[in-house]
Amino acid sequence: MTANVAVETTPETPVWNDPSHPVSARVDALIGVMTLEEKIAQLYGVWVGASANGGEVAPHQHDMEEAVDLDALLPAGLGQLTRPFGTAPVDPALGALSLLRTQSRITSANRFGIPAVAHEECLAGFAAWGATAYPVPLSWGATFDPDVVRRMAAAIGRDMRAVGVHQGLAPVLDVVRDARWGRVEETIGEDPYLVGTIGTAYVRGLESAGIVATLKHFVGYSASRAGRNLAPSSVGPRERADVLLPPFEMAIREGGARSVMHAYTDIDGMPAAADESLLTGLLRDTWGFDGTVVADYFGIAFLKTLHGIAGDFADAAGAALQAGVDVELPTVKTFGAPLVDAVTDGRVPESVIDRALRRVLTQKAELGLLDRDWNPLPPAFDGADLDDPESLRGTIDLDGPENRQLAREIAEKAVVLLTNDGTLPLDRPRRIALVGPNADEAAAVLGCYSFPQHVGVKYPDMPVGIELPSLRDSLTAEFPDAEITVVRGTGIDDGDLTGIAEAVATARDADIVVVALGDRAGLFGRGTSGEGCDAESLALPGAQQQLLDAILDSGTPVVTVLLAGRPYALGRAVADSAAIVQSFFPGVAGTRAIAGVLSGRTAPSGRLPVSVPKSAGSQPTTYLGAPLAQASEVSNIDPTPAFGFGHGLTYTTFAWSDLVVDAGQAPTDGEFTASLTVRNTGDRTGTEVVQLYLHDPVASVVQPVQRLVGYTRLDLEPGEERRVRVTVPADVASFTGREGHRIVEPGDLELRLAASSTDARLSATVTLTGPVRRVDHTRRFHAEFSHGA
């Protein structure tokens, strides 16, 4: 078959197909000759599934949409193809061929030969059958390592680009406000600076591969009441500005993200999808964002069906367009015939159609999709015989050795050692009792948006497509001389107590017990973690706490291992476990990473991106609390965590010393410079994460007791020391003042150099002088670290 379906050229190639012209001129020329129907067709997508035999994609039927007639739609054009790889299991090569053939059909059907943008989920890897399932974003946060996340995102982007995908729906930049929320696993953590730096690194990686990164969910989704999915958000303007928005500011300004997805939520009665002050006033007019705003799936229709601010789908479409939404996803519902009618009868001005269209076509031009020589042939098919689909099967590897190595590096850096009485690393145990619902469950490493858990569960007869060793498999490989006995004890959430007695008996006969607990990822109630899988409390699901308590009474040392999507209260295990190892859905290499930490082959270096609660019912709370959010004598509820944000142990010890601040004063537009020495005082190589927290004792509005403003990882050999220097701009002390503007105030500040939010090692008081200074989104975001011998 021929792969070249570019628009036929004449001696006078249309301006829009000629890349020698400025993009703006090309887009204006194209808009000028399009009909209303052709314009609107570029503003919606169709949800499709790739063909398993390489044929054209077929529309995906969903219970929230009507059937789509592609033959009727395509003559007007098509803006997007929704998840051709992420809808059903399909061999990657045949999926790429299916997408290629579909793009040929799309370009042939419309007057201008405009292809569709193909988008996919990529939250924990390319969500396609056979693609590497990386650790979930909460594990990215646990690494405190933006560089490894950037490299992972670049690898994900290359795989997507290789098969013809253009846009990825990630990263999630929601800041955790209530750990009961089911989508905590999709977030990077509870601190906006950590979320911003790690999320920006992901954006840089994805964009470096030519994939349009999509920031979500803009904004306030994670602040829903009681941690319920798609519930109203009770967020004041100051919390929105100082906690929820900074990661988006950073990822746009420093990461170069080219797309933003609106949130489902409403704040103070205003749904994000209809909030012009947010999507146009702030995002575009103030921040200068010039990319596309896409709808969260069905989010425009929800303006009618859930929010009740639109009387029909035409009103919903008009409200979203006026607010600044450019593309309806996942499929055409409000931007089709209802919008055409609304423009025709004058309810919606055509100018808002043209405004959105200009952004969409500009992005297509920048992707090369309007060029006269555009070719749908993806890089992976260079030299392939496209006329023999079966010869292509198995020729595209989306889970190659480089991917696996990256997944392993992130998983190892993300494992957090919470406690250890010296039992770890294990010293060649002879008998290991491996107990718990995640002991022999291969999928325990996967998050809700991994392909096997998101889509594969609907196809039980289809192989999972990737190697997923269970913890049993990995411990057997790690301790080949040990006798390992596995007992499930109880399920994740079935409440079954009948297996606990056998588990206790097995524990008593062992030298060490490894108890593997946690979550099962799923969608809308099918799991204990994931979208729509919210928790009433942060008690371990089902009967897992009863199992854990019974094993702790066995008399055998217990290593508690968590494979989970959120932090859980662990009750007496905090004090009684010999060690606690926390992981957050660590991906394909996750159980090997855990086994390596247990044996000592790998030194633990992860740090908590979210606090681990002491009490199951003390939510919502994060370490960012103001003074009134701390424990007090006037409330019987103590929100103090068992393990604070940033906590994590190693197999060595570190000494921090010799803090020097170059000058104790600086103007409100200046900076401070401090330095300290960190020395590995143990006998093993280890990693220390130096975290800088800011405490503002007196401010014109209430501030968190402390907040993270910088961090750096140090890998040190035994006896090695490093001089660490940090430059702290006054801008990082900014906050939203009484008048609603971001300001830097004069006065004293405390710089806390800490191993975690609950373990400050060194501190110094410095003073900002001069007038109150107003800053904006162009402020300096970072305390900059450097270190040498």
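Because the structure is a prediction, the values reported are computed rather than measured.

## A few points about the overall build of the chain
Within the chain, the regular secondary structure consists of 22 helices and 30 strands. A compact globule built from 789 residues would reach a C-alpha radius of gyration of about 28 Å, and the chain, at 27 Å, matches this within 12%. In terms of overall dimensions, the chain has a C-alpha envelope of 80 × 65 × 50 Å along the principal axes. In the chain, which comprises 789 residues, the proportion classed as buried is 64%. Sequence-distant contacts in the chain: of pairs separated by 6 or more residues, those separated by 24 or more amount to 79%. In the structure as shown, the chain presents an accessible area of about 27300 Å², 48% of it carried by carbon and sulfur atoms.

## With respect to the packing of aromatic side chains
Each aromatic ring pair is characterised by the separation of its centres together with the angle its planes make. Applying the stated rule across the entire model yields 14 aromatic pairs. On the basis of an interplanar angle of 75° and a centroid distance of 5.1 Å, the ring pair of Phe144 and Tyr711 is categorised as edge-to-face. Separated by 567 residues along the polypeptide, Phe144 in the loop between helix H5 (137-143) and helix H6 (146-162) and Tyr711 in strand S23 (residues 707-716) bring together distant segments of the chain. On the numbers, 4.7 Å between centres and 5° between planes, the contact of Tyr623 with Phe645 is stacked. Here the residue Tyr623 occupies a position in the loop between strand S17 (612-613) and strand S18 (641-643), and Phe645 occupies one in the loop between S18 and strand S19 (654-661), the gap between them amounting to 22 residues. Classification of Tyr623 by relative accessible area gives buried; the value is 10%. For Phe645, a relative accessible area of 0% translates into the label buried. Geometry around Phe313 places Lys304 over its ring, the cationic atom sitting 5.2 Å from the centre.

## What to know about the pairing of strand S6 (residues 212-218)
Summarising burial for S6: 7 of the 7 residues are buried, a large majority. Direction of pairing for strand S5 (residues 167-168) relative to S6: parallel, over a ladder of 2 bridges. Bridging from a neighbouring strand, Gln167 pairs with Val212 of S6. As for the winding sense of the linkage, the β-α-β connection from S5 through helix H7 (residues 192-208) to S6 is right-handed. Summarising the sheet, S6 and strand S7 (residues 259-262) pair through 3 bridges and their orientation is parallel. The partner of Leu215 across the bridge, within S7, is Val260.

## Remarks on the sheet that holds strand S1 (residues 45-49)
Spatial ordering of the open sheet is given by S2-S1-S3-S4-S5-S6-S7-S10, a layout of 8 strands whose pairing is mixed. Bordering the open sheet on either side are strand S2 (58-59) and strand S10 (292-294), each of which pairs with just one other strand.

## Things to note about the confidence of the model for the chain
Looking at the chain, the pLDDT average stands at 95 and 98% of residues meet or exceed 70. The low-confidence segment residues 1-9, where pLDDT is below 50, has 23 contacts with residues more than four positions distant or belonging to other chains.

## Thoughts on the environment of Val744
As for its position among the elements, Val744 is in strand S26 (residues 742-744). Residue classification places Val744 among the buried residues on the basis of a relative accessible area of 0%. Sequence-wise, Val744 and Ala155 are 589 residues apart; in three dimensions their C-alpha atoms are separated by 39 Å. Apart from the residues within four sequence positions on either side, Val744 is in contact with Thr668, Ala730, Asp731, Ser734, Leu768, Pro771, Val772, Arg773 and Val775.

## Focus on the sheet that holds strand S29 (residues 773-774)
Pairing is antiparallel across the open sheet formed by 3 strands, whose spatial order is S25-S26-S29. The open sheet has two edge strands with one neighbour each: strand S25 (735-736) and S29. Across 2 bridges, S26 lies against S29 in antiparallel orientation. Considered in S29, the bridge of Ile743 is made with Arg774.

## Quick look at the packing of H6 against H7
For any two helices packed against each other, one specifies the crossing angle of their axes together with the interaxial distance. Running from N to C, H6 and H7 cross one another at 35°; their axes reach a closest spacing of 7 Å. The element H6 and its partner H7 pack so that their crossing is right-handed. Packed against H6, whose contacting residues are Pro146, Val149, Arg150, Met152, Ala153, Ala154, Ile156, Gly157 and Met160, the element H7 presents Thr197, Ile198, Ala201, Tyr202, Arg204, Gly205, Leu206 and Ser208 at the interface. When its residues are assigned to classes, the contact of H6 with H7 shows 11 nonpolar, 4 polar and 2 charged.

## Side note on the environment of Arg520
Inspection of the secondary structure puts Arg520 in the loop between strand S14 (512-518) and helix H20 (544-552). Residues Arg520 and Asp493, spaced 27 residues apart in sequence, show a C-alpha to C-alpha distance of 8.7 Å.

## Here's the deal with helix H19 (residues 500-508)
Residues of H19 that are buried include every one of Ile500, Ala503, Val504, Thr506 and Ala507, and no others. Down the axis of H19, the buried set is contained in an arc of 160°. They therefore lie on one face. In H19, the exposed residues that point more than 90 degrees away from the buried face are Ala501 and Arg508. Against the buried residues of H19 lie strand S12 (431-435), strand S13 (483-487), S14 and H20.

## As for the environment of Pro247
If you trace the backbone, Pro247 turns up in helix H9 (residues 246-253). For Pro247, a relative accessible area of 0% corresponds to the buried category. Considered as a pair, Pro247 and Ala274 are 27 residues apart in the sequence and their alpha carbons are 22 Å apart. Residues contacting Pro247, with those up to four places away along its chain left out, are Leu173, Val175, Pro192, Val195 and Gly196.

## Regarding helix H10 (residues 276-286)
Residue pairs spaced three or four apart in an α-helix point in one direction, given the helix's 3.6 residues per turn. Burial in H10 covers these residues: Leu278, Leu279, Thr280, Leu282, Leu283 and Arg284. Count one or two residues on from H10 and you reach Gly288, which has phi positive near 80°.

## Quick look at the state of the cysteines
Disulfide: a covalent bond connecting the sulfur atoms of a pair of cysteines. All chains considered together, the criterion is met by 0 disulfides. Cysteine Cys122 shares no disulfide, and the gap to the nearest cysteine sulfur, in Cys448, comes to 15 Å. Residue class for Cys122 comes out buried when judged on its relative accessible area of 0%.

Conventions used here
Residues numbered from 1 in each chain as written. Predicted model: local features only at pLDDT ≥ 70, side-chain atom pairs only at ≥ 80, totals over all residues. Heavy atoms only, no water. Helix = DSSP H or I, 4+ residues; strand = E, 2+ residues; numbered from the N terminus. Rg over C-alpha atoms; globule rule 2.2 N^0.38 Å. Buried < 20%, exposed > 50% of the residue type's maximum accessible area, 1.4 Å probe, protein only. Contact = heavy atoms within 4.5 Å. Areas by Shrake-Rupley, 256 points an atom, 1.4 Å probe, with all protein chains shown as cover. Phe/Tyr/Trp six-rings, centres within 6.5 Å; stacked < 30°, edge-to-face > 60°. Lys NZ or Arg CZ within 6 Å of the ring centre and 35° of its normal. Pairing = 2+ DSSP bridges. Right-handed = clockwise from strand over helix to strand, strands pointing away. pLDDT = per-residue confidence, 0-100. Axes fitted to C-alpha atoms, helices over the stretch in contact; angles between N-to-C directions. Left-handed = near helix turned anticlockwise from the far one by under 90°. Nonpolar A, V, L, I, M, F, W, Y, C, P; charged D, E, K, R; others polar. Arc of directions from axis to C-beta. Disulfide = S-S within 2.5 Å.

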